[in-house]
Amino acid sequence: MNKHWLFPGMLVTVLLGAVAAQTGSPALAAPVAAVPAADTQTKKIVAAANAFLATLTAAQKKAVLFAFTDSTQRKNWSNFPLGGPGANRKGVRWGELSATQRAALMTLLGTVLSESGVNMVKGQMLADDLIRATDQGVPAAQPAASGVSAASTAPASTTAAPSAGQAAPAGGLPAGSRPAVSFGSEYYFVSFVGTPSSSSPWTLQFGGHHLAINATVVGPNVTLSPSLTGGEPVKVTFNGKTYTLVPNVPVEAQAAYALLQTLSAAQKAKAVVSTTRGDLVLGPGQDGKVLQPEGLPGSAMTAAQKTQFLALIKDRLGILNADDLAAKMTTITQNIDKTYFAWFGPTSSAGAAYHRVTGPSVIIEFAPQANDGDPANHLHNMYRDPTNEYGAGWTSLK
């Protein structure tokens, strides 16, 4: 973890101060065969989930629970902020939770994710608060406090599309093309697809702009496939000092670049597929799409390079709790010779190029975005396990 990263409450006060100075349905039985007995980690997760649910009102519980058979809600995640294309999240908003409810939700996330995973979530939410504070949009009216999530509720702060003839906003969008969207941590949503249980499958969903955690729990097993991470801004400079808001991203970028630097000319010729930066292939809405391996296979790496390759993968999957991460890494390690590393973009520095890991049970995409200047400061990243999307490998889910 970057040692200069500050907790959101500390840094957001400093940054937002500077900005001001300068300017549902109940869950049904899940389709599943016999579920193995839950282990200690799953029991902790279920207990934390039930503790969070116990803090909710009856209306909030109704809004947050969906049937495990609800494929529409299962796939209802997006990279966009609320109001963007396809971003119509349901559940309960962070902004509608009390301090007690928020603490219980963070405790739940802390049982599913690792400490670095929770810090990543907090960092992404902080980054979106900063976008909201610095965005030059037109504010809308404050929504009524209903206590229940509604994606159609008017947001507290939006960016309206510019009128005809108005200059294009930062990022290169043509005038009039930008939809009204809602930035900020209060527009991150929590939902459950299925009821938290040690004996039947269910999924915890938490996400917003640049974040979609889909954690499916089946007995002793937990998978985050598919999950989207990234963030913007990843880093910010204030009073001459640079702060890392989303601590995981620079680690991933440096690990990939370090592996690239170890490659011989012949190996690099295979690994570097293109000098043009790529973008997400298996992002939101791309479930079921097949991605053929490209680049350099683990079988063509030295033992030291394989170790480095595995470390790169673990850096990414390390947002998952240690117990379930160990099981994932065991399978990935067994298949490392059939796992490929591919690079698309400039090879002169870390963070500006797209890289991809493609293996039998792991696909990782790291996709910098150049529309806001520094590509390394705006990331869209994906993790998928093609054998176990939404826990399908452990259930009869179709």
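Residues numbered from 1 in each chain as written. Predicted model: local features only at pLDDT ≥ 70, side-chain atom pairs only at ≥ 80, totals over all residues. Heavy atoms only, no water.

Asker: So, the overall build of the protein: which residues are in play, and what are the values?
Answerer: Along the backbone of the protein there are ten helices and 17 strands. Here the protein holds 398 residues, and 53% of them are scored as buried. Carbon and sulfur atoms form 57% of the exposed surface of the protein, whose accessible area is close to 16200 Å². (Helix = DSSP H or I, 4+ residues; strand = E, 2+ residues; numbered from the N terminus. Buried < 20%, exposed > 50% of the residue type's maximum accessible area, 1.4 Å probe, protein only. Areas by Shrake-Rupley, 256 points an atom, 1.4 Å probe, with all protein chains shown as cover.)

Asker: Can you lay out the pattern of salt bridges for me, pointing to particular residues and giving the numbers?
Answerer: With the rule as written, the count across this model stands at eight salt bridges. Among the ionic pairs, Arg316 bridges to Glu252, the shortest N-O distance being 3.3 Å. In this pair, Arg316 sits in helix H9 (residues 303-317) while Glu252 sits in helix H7 (residues 248-262), placing the two residues 64 residues apart along the sequence. The exposure classification of Arg316 matches that of Glu252, with both residues buried. Where salt bridges share partners, they join Arg93, Glu96, Arg132 and Glu186 into one cluster. (Salt bridge = Lys/Arg side-chain N within 4 Å of Asp/Glu carboxyl O.)

Asker: An account of the packing of H9 against helix H10 (residues 322-334) is requested, with residue identities and associated values reported.
Answerer: Contact pair H9 / H10: the axes reach a minimum separation of 11 Å and the direction vectors enclose 150°. Between H9 and H10, the interaxial angle falls into the category roughly antiparallel. Of the two elements, H9 crosses H10, and the hand of that crossing is right-handed. Counting all contacts with H9, which are made through Leu310, Ile313, Lys314 and Leu317, the residues of H10 involved are Leu325, Lys328, Met329, Ile332 and Thr333. Considering only residue class, the contact of H9 with H10 consists of six nonpolar, one polar and two charged. (Axes fitted to C-alpha atoms, helices over the stretch in contact; angles between N-to-C directions. Parallel < 35°, antiparallel > 145°, perpendicular 65-115°, else oblique. Left-handed = near helix turned anticlockwise from the far one by under 90°. Contact = heavy atoms within 4.5 Å. Nonpolar A, V, L, I, M, F, W, Y, C, P; charged D, E, K, R; others polar.)

Asker: Tell me about helix H5 (residues 99-112), and please be specific about residues and values.
Answerer: Compared with the 20 Å implied by 1.5 Å per residue over 14 residues, the 20 Å span of H5 between its first and last C-alpha is a close match. Listing the buried residues of H5 in full gives Gln101, Ala104, Leu105, Met106, Leu108, Leu109, Thr111 and Val112. Lining the buried residues of H5 we find helix H2 (40-55), helix H3 (58-64), helix H6 (115-134), strand E5 (189-193), strand E6 (202-208) and strand E7 (211-218). (Expected span 1.5 Å × (residues − 1).)

Asker: Explain the pairing of strand E14 (residues 340-344) to me, and be specific about the residues and the numbers.
Answerer: Burial within E14 is extensive, with four of its five residues counted as buried. Sheet analysis places strand E12 (residues 272-274) next to E14, joined by two bridges and oriented parallel. Looking at E14, one finds that Ser274 is bridged to Phe344. Bridge count for strand E13 (residues 296-297) against E14 is two bridges, and the pairing is antiparallel. The residue bridging Leu296 from the neighbouring strand is Phe341, located in E14. (Pairing = 2+ DSSP bridges.)

Asker: Lay out H2 with the relevant residues and their values.
Answerer: For H2, built from 16 residues, the straight-helix expectation of 22 Å at 1.5 Å per residue is met to within 8% by its first-to-last C-alpha distance of 23 Å. Those residues of H2 not exposed but buried are Gln41, Thr42, Ile45, Val46, Ala48, Ala49, Phe52 and Leu53. With its buried residues spanning 165° around the axis, H2 presents them on a single face. H2 presents Thr40, Lys43 and Ala54 as exposed residues on the side facing more than 90 degrees away from its buried surface. (Arc of directions from axis to C-beta.)

Asker: I'd like a rundown of the nonpolar core, residues and numbers included.
Answerer: Membership of the largest hydrophobic core comes to 77 residues, with the highest contact counts inside it found for Phe192, Phe206, Ile313 and Phe341. Every residue in contact with Ile313, bar those within four places of it in the chain, is listed here: Met329, Ile332, Ile336, Thr339, Val357, Val362 and Ile364. In terms of nonpolar packing, the next biggest core, distinct from the first, is built from eight residues, Trp77, Leu228, Met382 and Tyr390 among them. (Core = buried A, V, L, I, M, F, W, Y, C linked by side-chain atoms within 4.5 Å.)

Asker: Lay out the confidence of the model for the protein in plain terms, naming residues and giving numbers.
Answerer: In the predicted model, the protein carries a mean pLDDT of 84, and 80% of its residues have values of at least 70. Considering only residues more than four positions removed or in separate chains, one finds that residues 1-10, a stretch of pLDDT under 50, has 17 contacts. Here residues 136-176 scores under 50 on pLDDT; set against residues more than four positions off or in separate chains, the count is 71 contacts. (pLDDT = per-residue confidence, 0-100.)

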